[in-house]
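Given next are the chains, with one letter for each unit.
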Amino acid sequence: MSGHERLKDYSRESHTFKVRAVLAFGVVFLLMLVLVGRLYYLQVMQYDRYVAMSDDNRVQLQPVAPTRGLIYDRNGHLLADNRPSYSVTVLKEEAKHLEQTLVDLREIIPITDREIDRFKTRLKQRRRPFESVPLRFRLTDDEIARISVNYHRLPGVRVEAELIRYYPEGQSLVHALGYVGRINEQELQKVNANNYSATHYIGKLGVERFYEDELHGQVGFQKVETNARGRVMRVLERTDPVPGKDLVLHLDMRLQQITEYLLQDRRAAVVAIDTETGGILSLVSTPGYDPNLFVTGISTKDYNGLRESDDLPLFNRAIRGRYPPGSTIKPIIALSAIDTGVVSPNYTIFDPGWYTLTTGGRKYRDWKKYGHGKVDMNEAIAQSCDTWFYSVAHKMGVVPMSKYLGMFGFGQVTSVDLPEALAAILPSKEWKRSSRRVPWYTGDSLNLSIGQGFLVATPLQLATATAVIANRGRWVQPHMLKGYRTQTEEGIQLQAPDLEQIKAKPADVQLNNPKYWENIIKGMHDVVQGPTGTARRVGSDAPYEFAGKTGTAQVVGIKQDEEYDAEKLAEIHRDHALFVAFAPLKEPKIAIAVIVENGGGGSSTAAPIARKIMDAYLLGTDPRVQEVADGES
Amino acid sequence: MNREFERYLPESRTYLSRKPSWWSYTHLDAWMLLLLLLLCGFGLFVLYSASGQDVGYVSRQALRMGAGFFVLIVLAQVTPRFLGRWAPWLFVIGVGLLAAVLLFGVGAKGAQRWLALPGFRFQPSEIMKLVLPLTVAYYLSSRPLPPSIKHVVVALVLIGLPTALIMKQPDLGTSLLIAASGVFVLLLSGIRWRFIFAALAVAGAALPALWAVMKDYQRQRVLTFLDPESDPLGAGWNIIQSKTAIGSGGLYGKGWLSGTQSQLDFLPESHTDFIIAVVAEELGLIGVLILLTLYLLIIARGLVMASQAPDSFGRLLSGSIILTFFVYVFVNIGMVSGLLPVVGVPLPLISYGGTSLVTLMAGFGILMSIHNHRTMLKK
């Protein structure tokens, strides 16, 4: 037997094993202690840290968007509604192969390249993880069905419903209301980002923009438990959002529609103001466009169509159109002359059809070629005699004219809640020196006196000035909002806004001699209901007394001694037709300004429209019905 | 004659003098069986929560456990001598199957682990988990112990062959477990301490070499283990989420079925390899301690049974089986709690899945067979 081939020693082997087994158990026990130590470290010493991590994992604070306030007209007619709209959204966390998913989705529903681009922009701007990003809006029922049956092969794709703005009246109101659109980066920086964390839309224009804070409401929050894929499993706690306030406007939808009907899609604008409150009854600029197109983003084709149209539908003529007011400002010019004592109301001239500053100098022509003959102030207003005003302007100069026009709101924004309204231009010596770098000439005064030259005004300003005349100097601020509507158990309550807190009211026009109000109002009354008035055909058969003033604004300058023939001029070179009016004469209820671009004469085109609007408001007539009846008889 | 018996089996007198009860004919160990049943019950209890309260999972697992106990009872009836006789052949067949896996195997994620036979698939590496310790124990026990260098080398070759084949699949976790099961036989056989220290030194030196032969995904696992935050949404996700689950459980846990990490799917593999995180999250440190105590009792009872085995073959095989069982426990919990890199090792008898369950139960069957066939000697 060699040394290494030993015999087996059974008891020694048994003993060795027992020693090793005990040793092994010792090691096992020690390693178990290592595990226990590790778990103790994680579960007891690091407990707080891991609890926080676990809560971060599962609990997410989700903002809940408030419902946007609705907008009603004065009669409770709904002008801006919220309607559910279905959009297809993508949750990036779930869509592992985003590009492929997009390709698959495009096979199912039509999606344009532009929508894909916008989607990718929005994806980059995403504000929180697990926020789904909309890809296409306004899905049809058919598209929803097609996506639903393909859900299994479209990971991360969902159809989501949200309330979006809907304007039932479409283009009738776009220039009065404005619209909302998807919020963009710059807008997000201007608002309280917290409050808008769930909001996708913001007022872009008009009332929607001005009352954004009130309409939007207060965001709500919910603490939700989500699983690892971001899907909400349950709501842990919830703070409800405060819905936005419902607005009631002064707007009269019926009047608005009648106005729109009367303008027949011409390039025109009308502003009608309630003279007691300054509330805007009707604000129309035609042509308009459908604001619903802008809510979820307008297509390039549609937008270019609107932008390139010669009729400029995107242009809000009523508050941004700067037109020479023409003769419509003559009552104010006359007032400035008599109230400053330059001339008396009986000041009479003989009008040969023109006026010269110096004998044999440049002829300032009257609109009536052979003149009005002998006219005093009343006739000058009624017949719109330019020569009388040239003469008066020559006497008084620009200073009183500028001052009085300013008191009636020209050259400034007096409207409260139309954020896009323009101040236009009220010329003065200082204005001309600083903006044109040339002095004021007497000829400029003559042009100003008949509303031509440098003076430009918006239809809103003309209506406002007319309302101030109607109120014999008492200022009312033109505004849209009548009040905030709240539904209580007692019924609908209206809480009026404090306008003066939003914007200071201009000072009332205090005349040196208040009885002069009646002088110029009589002149305006004679325009429409006097024997010689320029618009007597429009006003003579009215069952109520009212006052007005026609205007015709030259679009192209007419050279000295040149004949003017509207027929021969191309339509776009034709004069703008203007008309301002208020009614009734004694206790006025409505002031109105009408401008029809290239409409020709104020008395023939603009005045009949104003008359019908006033009839509709004061008498409740409806030209839409009447004309149908006339056609049938 | 009696004296000879006493020399070999010091306790034999009491056994021989006692009348065998009906229970002894089952060849089962009552204590071990009770502990295993408790563990399985605990496993089903946790699985119900970990599977998202899916009764289907629980009943399927219960069925597998039934199958496992059936295998246990059957193997308990097989005499150790029979197993020993078949060991060389089983080893040859096992290695052949592993080679076949490399040639014809099927699998997923770049690893070939299964052999597909008409009707079912199986993992030859699972068979090897029992066959290797069986073979090494058989080989060493028929030689004088402690083993000489020559026999140690042969044993190491026996261990190295299947280990290398499985590592090639590649399945690092299983290959290390199998290597461990063979090494445990060597350690328990009384191999000299100087060999052990020398081997440790060599292993330490071989670590860089191991790094060199590792596949990319294996290296990634090690790197992720060292710094899970480096890839929090990718490879590090699992370990961050499991540590969060364990840590947020605290001392008493969030309550059964109330673990947010596991119920809201933040914890990956919550019903399989990472199920201990569910225990820790929902039942807290207390729950984990109960589970670890159960494991410790099973290991203690297993070592007692091993040391009561009548011969070296039984002792070495039993000891290796029970220590390998512990390695499962340690590696799994160590991995889930972030102590060890992520390797695919299930938590024995708790994780959902049938293969390892049946293998483990078979091991316990062999353990009981060895322990309760002592009386066979009297024939």
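J.: Outline the overall build of chain A, listing residues and values.
T.: The helix and strand tally for chain A stands at 25 helices and 23 strands. For chain A, buried positions account for 42% of its 633 residues. Pairs at least 24 apart in sequence give 73% of the contacts found in chain A among residues at least 6 apart.

J.: Before we move on, can you summarise the overall build of chain B with the specific residues and values?
T.: On a plain count of helices and strands, chain B comes out with 16 helices and three strands. Here chain B holds 379 residues, and 49% of them are scored as buried. Sequence-distant contacts in chain B: of pairs separated by 6 or more residues, those separated by 24 or more amount to 70%.

J.: Quick rundown of the interface of chain A and chain B? Include the residues and the values.
T.: With 38 residues of chain A at the interface, the matching set in chain B holds 43 residues. The set of elements that each furnish at least two residues to the side of chain A that touches chain B consists of α1 (10–45) and α2 (47–58) of chain A. For the side of chain A that touches chain B, the element with the most residues is α1(A), which contributes 20 residues.

J.: Break down the pairing of strand β14 (residues 280–286) of chain A for me, citing the residues and quoting the values.
T.: All names here are of chain A. Where burial is concerned, most of β14 is hidden: seven out of the seven residues are buried. Alignment of strand β13 (residues 268–274) against β14, held across six bridges, turns out to be antiparallel. Residue A269 lies in a different strand from β14, and its bridge partner there is S285. Between the end of β13 and the start of β14, which pair antiparallel, lie five residues, with G278 showing a positive phi angle near 85°.

J.: Explain the confidence of the model for chain B to me, and be specific about the residues and the numbers.
T.: Confidence along chain B averages 85 in pLDDT terms, with 89% of residues attaining 70 or more. Across the predicted assembly, pTM comes out at 0.68 and ipTM at 0.89.

J.: So what about the sheet that holds strand β10 (residues 232–239) of chain A? Which residues, and what values?
T.: Residue and element names in this part refer to chain A. If you trace the three strands from one edge of the open sheet to the other, you get β1-β9-β10, paired in antiparallel fashion. In the strand order of this sheet, the two ends are held by β1 (59–64) and β10, each with one partner. Strand after strand, the sheet turns through a mean of 30° between neighbouring axes, direction not considered.

J.: Break down the sheet that holds strand β22 (residues 576–583) of chain A for me, with residues and values.
T.: Backbone-to-backbone hydrogen bonds join strands into a sheet, with any given pair of strands oriented parallel or antiparallel. All names here are of chain A. Read across the open sheet, the five strands follow the order β14-β13-β23-β22-β21; overall the sheet is antiparallel. At either margin of the open sheet sits one strand with a lone partner, and together these are β14 and β21 (547–553). If you compare each strand with its neighbour and ignore which way they point, the axes differ by 5° on average. Where β13 lies against strand β23 (residues 590–596), seven bridges are found, and the strand directions are antiparallel. Bridge pairing in β23 links A268 to V596. Lying over the sheet, helix α20 (residues 459–470) contacts β13, β22 and β23, oriented at roughly 150° with respect to β23. Contacts between helix α24 (residues 602–618) and the sheet are confined to β13, β14, β21, β22 and β23, with β22 contributing the most and set at about 30° to the helix.

J.: Before we move on, can you summarise the nonpolar core with the specific residues and values?
T.: If you look at the biggest cluster of nonpolar residues, it comprises 127 residues, and the most contacted ones within it are A:V270, A:V271, A:A463, A:A581, A:I592, A:V594 and A:I613. Taken domain by domain, this core gets at least three of its residues from each of domain 1 (62–238 + 245–249) and domain 2 (254–288 + 319–632) of chain A. Beyond its immediate chain neighbours, meaning those up to four positions away, A:A581 contacts A:T466, A:V528, A:F546, A:A547, A:G548, A:I592, A:A610 and A:M614. In terms of nonpolar packing, the next biggest core, distinct from the first, is built from 110 residues, B:L97, B:L134, B:L317 and B:F326 among them.

J.: Can you break down the environment of A:T300 residue by residue, with the values?
T.: Relative to the assigned elements, A:T300 resides in helix α12 (residues 300–308). Remark: the alpha-carbon pair of A:T300 and A:R114, spanning 186 residues in sequence, is separated by 8.4 Å.

J.: So what's going on with unusual backbone geometry? Residues and values would help.
T.: With an omega dihedral of -5°, the bond running from A:T286 to A:P287 counts as a cis peptide bond. Here A:P287 is to be found in the loop between β14 and α11 (292–295). With omega at -15°, the peptide bond leading from A:A583 into A:P584 counts as cis. Among the secondary structure elements, A:P584 is positioned in the loop between β22 and β23. A positive phi is found at B:L257, a non-glycine position, where the angle reads about 75°. Structurally, B:L257 can be placed in the loop between α12 (235–249) and α13 (260–263).

J.: Tell me what's going on with the packing of helix α16 (residues 386–396) of chain A against helix α19 (residues 442–449) of chain A, and back it up with residues and numbers.
T.: Residues and elements named next belong to chain A. Contact pair α16 / α19: the axes reach a minimum separation of 8 Å and the direction vectors enclose 135°. Judged by the angle between their axes, α16 and α19 are oblique. At the point where α16 passes α19, the crossing takes the right-handed sense. Across from F389, Y390, V392, A393 and H394 in α16, the residues of α19 making contact are T442, S445, L446, L448 and S449. Along the lines of polarity and charge, the residues of the contact of α16 with α19 split into six nonpolar, four polar and no charged.

J.: Describe the packing of helix α4 (residues 30–50) of chain B against helix α5 (residues 55–77) of chain B, with residues and values.
T.: Residues and elements named next belong to chain B. Where α4 contacts α5, the axes come no closer than 9 Å and their chain directions differ by 160°. In this view, α4 runs roughly antiparallel relative to α5, as classed from their interaxial angle. In the crossing of α4 with α5, the sense of the turn from one axis to the other is right-handed. Side by side, α4 and α5 meet where C40, L44, L47 and Y48 of the first sit next to Y57, V58, Q61, A62 and M65 of the second. Residue composition of the contact of α4 with α5, by class: eight nonpolar, one polar and no charged.

J.: Outline α4(B), listing residues and values.
T.: All names here are of chain B. Here α4 is 21 residues long and its end C-alpha atoms lie 30 Å apart, about the 30 Å a rise of 1.5 Å per residue gives. Considered for burial, the residues of α4 that qualify are M32, L35, L36, C40, G43, V46, L47, S49 and A50. Looking at the buried positions of α4, the neighbouring elements they touch are α5, α13, α14 (275–307) and α16 (355–372). Two residues or fewer after α4 comes G52, characterised by a positive phi angle close to 75°.

J.: For the pairing of strand β20 (residues 491–495) of chain A, give the residues involved together with the corresponding values.
T.: Residue and element names in this part refer to chain A. Little of β20 sits out of view: just zero of its five residues are buried. Judged from the five bridges that link them, strand β19 (residues 481–488) and β20 form a sheet pairing that is antiparallel. Bridge pairing links T486 to Q493 in β20.

Definitions and limits used
Residues numbered from 1 in each chain as written. Chains lettered and ligands numbered in written order. Predicted model: local features only at pLDDT ≥ 70, side-chain atom pairs only at ≥ 80, totals over all residues. Helix = DSSP H or I, 4+ residues; strand = E, 2+ residues; numbered from the N terminus. Buried ≥ 20, exposed ≤ 12 C-beta atoms within 10 Å, placed from the backbone. Contact = placed C-beta atoms within 7 Å. Pairing = 2+ DSSP bridges. pLDDT = per-residue confidence, 0-100. Axes fitted to C-alpha atoms, helices over the stretch in contact; angles between N-to-C directions. Core = buried A, V, L, I, M, F, W, Y, C linked by C-beta atoms within 7 Å. Domains from an automatic or database assignment. Parallel < 35°, antiparallel > 145°, perpendicular 65-115°, else oblique. Left-handed = near helix turned anticlockwise from the far one by under 90°. Nonpolar A, V, L, I, M, F, W, Y, C, P; charged D, E, K, R; others polar. Expected span 1.5 Å × (residues − 1).

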